[in-house]
Amino acid sequence: MRILQKLAMRYSIRGMARSLVIAAFVAAPSIIFAPTASGAGFDEGWRAYQAGNFAVALREWSTLANAGNSRAQFNLGVLFDEGRGVEESRAMAIDWWQKAAAGGHKQALHNLGLAHLFGRGVAKDFDKAIGFFKQASSRGLARSQYNLGKMYAVGFGVEQDQSQAFKWIMMAAESGVHQAQYNIGKMFRDGTGTDADARSAARWFLAAANQGYAKAQNHIGVRLARGDGIQRNEIEALKWLILAEKSGHELASQNRRDLSMKLTIEQRAEAKTLAAGFAPR
Amino acid sequence: MLKRSITIILFLGLMAWAGTAAATTPDGASKFIGNLSSKASSTLNSGGLSLNQKEAQVRQLLSESFDLKLIGRFVLGRAWKKSSKEQRVQYLGLFEQFVLRTYSRRLGGYTGQKFNVINAKNFGKKDVLVTTKISRPSGPPVEARWRVRLRKKGHKIIDVMVAGVSMVQTQKSEFRSVVKRQGVSGLIETLRLQVSKFSAQK
């Protein structure tokens, strides 16, 4: 009410008009204030969390979580999981993540998958873990898609199945996960879970390289130098190898030295300029 | 009794294995940790930065202060020698992420928290154990012990003990059981999965 009075004062509403404004706001609190108050509580919690005032975050999100807000339920679970503003409790974290997951919260589903995979706060259960990752994946969570792919690829918690691995890693690659793009590149290169395809391999290595992933930069550098699945271009090749080396990739360092020896000073200078102008995208 | 003996043997093993650099002094190690503490404190208490930014800065600070390659190799134990070069690179990258994430979260984030160096004592022939107290506005203080060694590139932390539990020993024992069941590739996958956990979301 005090806020409303201030509002009315601010806009110089007097007498009857002022009463009407206040009455109108009071008559429709659920329409006007409920969503704002809910959002404000969440945002206030978020600001407090970012500022390191975890007790305030806990208070704000608890209120919303108890009212069924799945975002607040997830974050409250994180506070318990990380022991921030509250005694660390995996059981409480799981409890809140389960509530958030029931509301379809993707990250809650993912974290529940991990909890079941490693038996943290719950009994170890690979089937449940896979189930949670699949639910999160079906909601478009790339991290869960990638996890599933890697689990099938190495037979971690599931029977090894390279075609399943390819399917899930491809989903994550298409969502832009650079490690997934790099891995899909390798799967195309080796014909793992799919037919070998040098052009597709180069395309995915290039996608990951463009995001700044050093391993992929080394791979695409080597392919460009050989013209393997991609038009041969030694200057571009050297550019990628310089970038990979700069990120500390040891093999790229050797590859860069080998290629540099074959190129002219002008070509090396051009590659160096291109590398200097590179920005991940 | 057997467990205790194993722990002592592992500690002695770490000491014997960990190289030939000159020994540090309690004073030198104390200053190193004190300096690290004040940098971490000023980062964590600085306004205008988000928690993620603060944690990223603390991670960078810890990355420069820990000898993560040494720790990573040690905790992998015998499996290090059997692992391929690619596996080692993958493992060390993930181990670094795993440790830095764990410790930057465990140590940081609270507004107004203070680090104090309590004391520093020689530990073995080459190391110093520096005890710190981390006081927080809410909750009990946390005591942490930092095992510091003088390496070629200066002082480095080679172990942390919180509530008497050594990070190096805990990880070594956990990793050994994973490697036993699933090999080094299984351990790499375990680390990769663990660092995929989501924290709070906006």
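For clarity, every value in this text was computed on a predicted model and none was experimentally measured. Numbering of residues starts from 1 in every chain and runs along the sequence as written. To label them, take the chains in the order written and letter them from A, then take the ligands in the order written and number them from 1. The predicted origin of the model limits local features to residues at a pLDDT of at least 70 and limits the giving and counting of side-chain atom pairs to 80 or more, whereas totals for whole chains, interfaces and linings rest on all residues. Each side-chain value is derived from all of the structure's non-hydrogen atoms; neither hydrogens nor water enter the calculation.

Engineer: Quick rundown of the confidence of the model for chain A? Include the residues and the values.
Structural biologist: Low-pLDDT portions of the prediction should not be read for the details of their coordinates. pLDDT is a residue-level measure of predictor confidence that goes from 0 to 100. Residues with a pLDDT of 70 or more make up 86% of chain A, whose mean pLDDT is 88. Throughout residues 1–37 of chain A the model reports pLDDT below 50, and contacts reaching past four residues in sequence, or to other chains, amount to 18 contacts. Here, residues are in contact when the closest pair of their heavy atoms is within 4.5 Å.

Engineer: So what's going on with the pairing of strand β3 (residues 142–151) of chain B? Which residues, and what values?
Structural biologist: Residues and elements named next belong to chain B. Should DSSP find at least two bridges between two strands, the strands are taken to pair. Secondary structure follows DSSP: runs of H or I at least 4 residues long count as helices, runs of E at least 2 residues long count as strands, and numbering of each begins at the N terminus. Of the strand pairs in this sheet, strand β2 (residues 127–135) and β3 are connected by eight bridges, and their pairing is antiparallel. Each bridged residue has a counterpart across the sheet, and for Val128 the counterpart in β3 is Val148. The pairing of β3 with strand β4 (residues 154–162) spans eight bridges and is antiparallel. Pairing of Arg145 across the sheet is with Met161, part of β4. Between β3 and β4, which follow one another and run antiparallel, lie two residues.

Engineer: Describe the pairing of β4 of chain B, listing the residues and the values that go with them.
Structural biologist: Residue and element names in this part refer to chain B. In this structure, β4 lies alongside strand β5 (residues 165–166), joined through two bridges in antiparallel fashion. The residue bridging Val162 from the neighbouring strand is Val165, located in β5. The hairpin formed by β4 and β5 contains two residues between the paired strands, and Ala163 there has a positive phi angle of roughly 55°.

Engineer: Now, about the sheet that holds β5 of chain B: what can you tell me, with residues and values included?
Structural biologist: Residues and elements named next belong to chain B. Taken together, five strands build an open sheet; the order of strands is β1-β2-β3-β4-β5 and the sheet is antiparallel. Looking at strand neighbours, the two that pair on one side only are β1 (114–123) and β5, the edges of this open sheet. Taken together, the nine bridges between β1 and β2 define a ladder with antiparallel strand orientation. Following the sheet pairing, Asn119 is matched in β2 by Thr131. Here an axis means a line fitted to C-alpha atoms, over the contact stretch when the element is a helix, while the angle between two N-to-C directions is reported on a 0 to 180 degree scale. Strands in contact with helix α2 (residues 26–44) are β1, β2, β3 and β4; relative to β1, the strand with the most contacts, it is inclined by about 160°.

Engineer: Please set out the pattern of salt bridges residue by residue, giving values where relevant.
Structural biologist: The salt bridge definition used is simple: a Lys or Arg side-chain nitrogen within 4 Å of an Asp or Glu carboxyl oxygen. Overall, the coordinates contain 18 salt bridges over all chains when judged by the stated rule. Here Glu55 of chain B and Arg84 of chain A are joined by a salt bridge, their closest N and O atoms 2.4 Å apart. Highlighted residues: Glu55 of chain B in helix α3 (residues 51–65) and Arg84 of chain A in the loop between α6 (70–82) and α7 (90–102), drawn from two different chains. The structure contains a network of salt bridges with shared partners spanning Glu82 and Arg84 of chain A together with Glu55 of chain B.

Engineer: Which residues make up the packing of helix α8 (residues 106–118) of chain A against helix α7 (residues 167–194) of chain B, and what values do they have?
Structural biologist: Close contact between α8 of chain A and α7 of chain B brings their axes to 10 Å; oriented N to C, the two are set at 145°. Of the two elements, α8 of chain A crosses α7 of chain B, and the hand of that crossing is left-handed. Contacts between α8 of chain A and α7 of chain B pair Leu114, Leu117 and Phe118 of chain A from the former with Thr190, Leu193 and Gln194 of chain B from the latter. Residues of the contact of α8 of chain A with α7 of chain B, tallied by class, amount to four nonpolar, two polar and no charged. Take the far helix as your reference; a near helix turned counterclockwise from it by less than a right angle gives a left-handed crossing, and one turned clockwise gives a right-handed crossing. All residues other than Ala, Val, Leu, Ile, Met, Phe, Trp, Tyr, Cys, Pro, Asp, Glu, Lys and Arg, Gly among them, are scored as polar; the first ten of these are nonpolar and the last four charged.

Engineer: Describe the nonpolar core, and please don't skip the residues or the numbers.
Structural biologist: To qualify as a nonpolar core, a set must consist of buried Ala, Val, Leu, Ile, Met, Phe, Trp, Tyr and Cys residues joined through side-chain atoms within 4.5 Å. With a 1.4 Å probe rolled over the protein chains alone, any residue whose accessible area is under 20% of its type maximum counts as buried; one over 50% counts as exposed, and the rest are partly exposed. If you look at the biggest cluster of nonpolar residues, it comprises 51 residues, and the most contacted ones within it are Leu117, Met151 and Ile184 of chain A. Of the domains in this structure, domain 1 (104–184) and domain 2 (197–281) of chain A are the two that each give at least three residues to this core. Grouped together as the second largest cluster of nonpolar side chains are 44 residues, Ala40, Leu61, Leu68 and Val195 of chain B included. Domain segmentation is taken from an automatic or database assignment of domains.

Engineer: Which residues make up the interface of chain A and chain B, and what values do they have?
Structural biologist: Reports of interface size often rely on the accessible area that becomes lost once the parts have come together. Listed as interface residues are 40 residues of chain A and, on the opposing side, 30 residues of chain B. Across the contact surface, chain A and chain B share five salt bridges. Among the salt bridges present, the one from Lys186 of chain A reaches Glu86 of chain B, with a minimum N-O distance of 3.8 Å. At the level of elements, α4 (34–51), α5 (54–66), α6, α8, α10 (142–154) and α12 (178–190) of chain A are the ones that each hand at least two residues to the side of chain A that touches chain B. When its residues are assigned to classes, the side of chain A that touches chain B shows 18 nonpolar, ten polar and twelve charged.

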